[in-house]
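# Observations on the model geometry
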Amino acid sequence: MKAKSKLLVPILSAFIAVSLMAGCSGNGGNSGNGETAAGNNVEATNSGSKDAVFELGKEQLEFTLYGHYDWYTMPEWGGDITSTWIRDTKKVNVKPIHSGGAAPQKLNTMIATGDLPDAIWLERVDVEKLRSADLLVPFDDYLDKYPNLKKWLGEEGINMLRSEDGKLYQFPNWYTKQPNGNAGYVVNKKIYAELGSPKLETTDDLYNYLKLVKENYPNVIPYEPHLAKDGQGLDVLYSAFKENDQKYPGMRAVPSGDKLTSIFLDPAFRETAQYQAKLFREKLITQDAMTQTMDQITEKVMTGRVAVFAAASPTEIAMQAHAELTKNDPEAGYFMIWPIHKEGIDKNKVFPGTYGMLGWNVTVITKSAENPEAIFAFYDWLTGPEGQSALMWGPPGIYWDGVEADGETPVFTEKYTSEASELAKLQATTTNLNWVGNTVFVDQTKAKFEETLPVEQQNWATRYQREITWKTQSNATEFINIDPQPETEEGIIRQRIEDLYVEVRAKALFAKSDEEVLTILDQAEKDAQASGYDKLLAFKTKKWQENLAKMNAQ
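Residues numbered from 1 in each chain as written. Predicted model: local features only at pLDDT ≥ 70, side-chain atom pairs only at ≥ 80, totals over all residues. Heavy atoms only, no water.

## A short note on the overall build of the protein
- Assigned secondary structure in the protein consists of 20 helices and 15 strands.
- For the protein, the residues scored as buried account for 58% of the 554 residues in total.
- Approximately 21500 Å² of the protein is accessible, and the part contributed by carbon and sulfur atoms is 48%. (Helix = DSSP H or I, 4+ residues; strand = E, 2+ residues; numbered from the N terminus. Buried < 20%, exposed > 50% of the residue type's maximum accessible area, 1.4 Å probe, protein only. Areas by Shrake-Rupley, 256 points an atom, 1.4 Å probe, with all protein chains shown as cover.)

## Let's talk about the packing of aromatic side chains
- In this structure the tally under the stated criterion is 37 aromatic pairs.
- One aromatic cluster is present, built from ring pairs that chain together F63, W77, W85, F139, Y142, Y146, F171, F376, F378, Y379, W381 and W435. (Phe/Tyr/Trp six-rings, centres within 6.5 Å; stacked < 30°, edge-to-face > 60°.)

## Focus on the sheet that holds strand β1 (residues 61-67)
- What the 5 strands build is an open sheet, ordered β2-β1-β3-β12-β4; its pairing is mixed. Because the sheet does not close on itself, it has two edges, and the strands there are β2 (92-97) and β4 (171-172).
- The strands that helix α12 (residues 372-382) touches are β1, β2, β3 (119-122), β4 and β12 (362-365); relative to β1, the one it contacts most, it runs at about 75°. (Pairing = 2+ DSSP bridges. Contact = heavy atoms within 4.5 Å. Axes fitted to C-alpha atoms, helices over the stretch in contact; angles between N-to-C directions.)

## Things to note about the pattern of salt bridges
- Tallied over the entire structure, the rule returns 31 salt bridges.
- Between R252 and E498 there is a salt bridge; the shortest N-O distance is 2.8 Å. In this pair, R252 sits in the loop between α8 (248-251) and β7 (254-256) while E498 sits in helix α18 (residues 489-509), placing the two residues 246 residues apart along the sequence.
- A relative accessible area of 11% places R252 in the buried class. (Salt bridge = Lys/Arg side-chain N within 4 Å of Asp/Glu carboxyl O.)

## Concerning the pairing of strand β9 (residues 306-311)
- With respect to burial, β9 is a largely interior element, 6 of its 6 residues being buried.
- Both strand β5 (residues 184-188) and β9 contribute to a ladder of 4 bridges, which runs antiparallel. In the sheet register, V186 faces β9, and the bridge partner there is F309.
- Both strand β6 (residues 221-224) and β9 contribute to a ladder of 3 bridges, which runs parallel.

## Thoughts on α12
- α12 sits mainly inside the fold: 11 of its 11 residues count as buried.
- Of all the residues in α12, the buried ones are P372, E373, A374, I375, F376, A377, F378, Y379, D380, W381 and L382.

## Structural notes on the sheet that holds β5
- Pairing is mixed across the open sheet formed by 4 strands, whose spatial order is β6-β9-β5-β10. Strand pairing shows two members of the sheet lacking a second neighbour, β6 and β10 (334-337), which therefore form its edges. Shown here is a sheet whose adjacent strand axes are inclined to one another by a mean of 20°, direction ignored.
- Sheet strands touched by helix α6 (residues 203-216): β5, β6 and β9. Its angle to β6, the strand with the most contacts, is close to 140°.
- Across the sheet, helix α17 (residues 460-467) touches β5 and β10, and the angle it forms with β10 is around 15°.

Next comes the structure, spelled out in structure tokens:
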């Protein structure tokens, strides 16, 4: 919700935000009563002995956290009701360290000077650089004492995260054992109805509909591809031209048999590029697609000036926009459609987004931390039912109060539905505080409750996740961790290919004809090969096959 909005998603939403957030703790049903975070039978104490369990709320825990992203600015800790409740009842204070929009330089400076934060939130590919420099704390001694991660991720997922030395240094975010994700297409309900609710299933249907919008609504963007410079709304279209998976644009490679091959030569990728360029030439896609900001996109969607909105995780913005637009006009708002497919493609084999067992990114704890076990205990509580319930639905007593007989599932109050817009605003903040999202707990909890409500009272995002997006995301676990380290020869090649791909995607979008698109992609293939693309593909293939062997050995 890569989302990821990448937000994250936005995507990456991405994201991704409203659709994900979970929690667990063997003791998670206790709402702020100060009991041990581990929820097991070991006597809770902060004495520091090997068998002792750190008890949240018994003494103050303060640590620094660096979010290793140019775009990420951590919301003020204590600036919302959830983090305030955690600060006051669990006695945890998280002090942010920001990248200042220059994340790579920031991290390199930290490593060079030895002035590291206590914890770092980052992509998995960046972990080895810190681990090989002996800067990270392994988690293996904590797993049984604080059992939430082990319970909800499982041994297979933990083993997939282990480093070459066999130890675990990473706490995953939005890990899962079931399909999840939000990638897909959102449609403006009022415009669609006023245009006669035409069939909107195939790429031809989409093209004809966008033309109809342009002819009748000159001030409306027919197709809004989110942040096109990041590929989100454009990559979603790739899935329409190929059965079984949309993983490949992000990998910059396409499987063929047991090898990864060039994406520039992939017939579906080339056809997608032609289709996108055609939409752009005819002004059916926003003309500032490669330069617009997130704020500009949000404003257009929130005011209903978009006919079709596609992204790796469009639900965060669309959900808020739907609630806002329907306040004054019940016929307005947005809905999601089953993913678009090319005529002749099986619609049930079209997957505009992906999910992986290990989720999005990870958190590591550095050797600069005064009490790394306490920090791990906090993260383990945060990924448990109570922690995730607080992040997703606020502190107990407002939108939920108490738990069901299982000791984990929150009991939702009337305000969950009557104050849905306020809850959505809270979630827009807390999603950026959830560094250890537990997808299965949150998704199952939401779905179970939402099914008991009338359609008009159901959470907008959860409804479409249940009906569409969770059914149309493919499993990409086998392709995790296949990228080389940045400083290696293959890593340098990867950066060259990455830069080339971004440049080529923009050039192809601006192409004046189908023939020009193919010429651009042909030249891209030559440039990629000259940059060592074959060597990178061989490296990724080897890592992919190792992943498959690991997964098959479980």
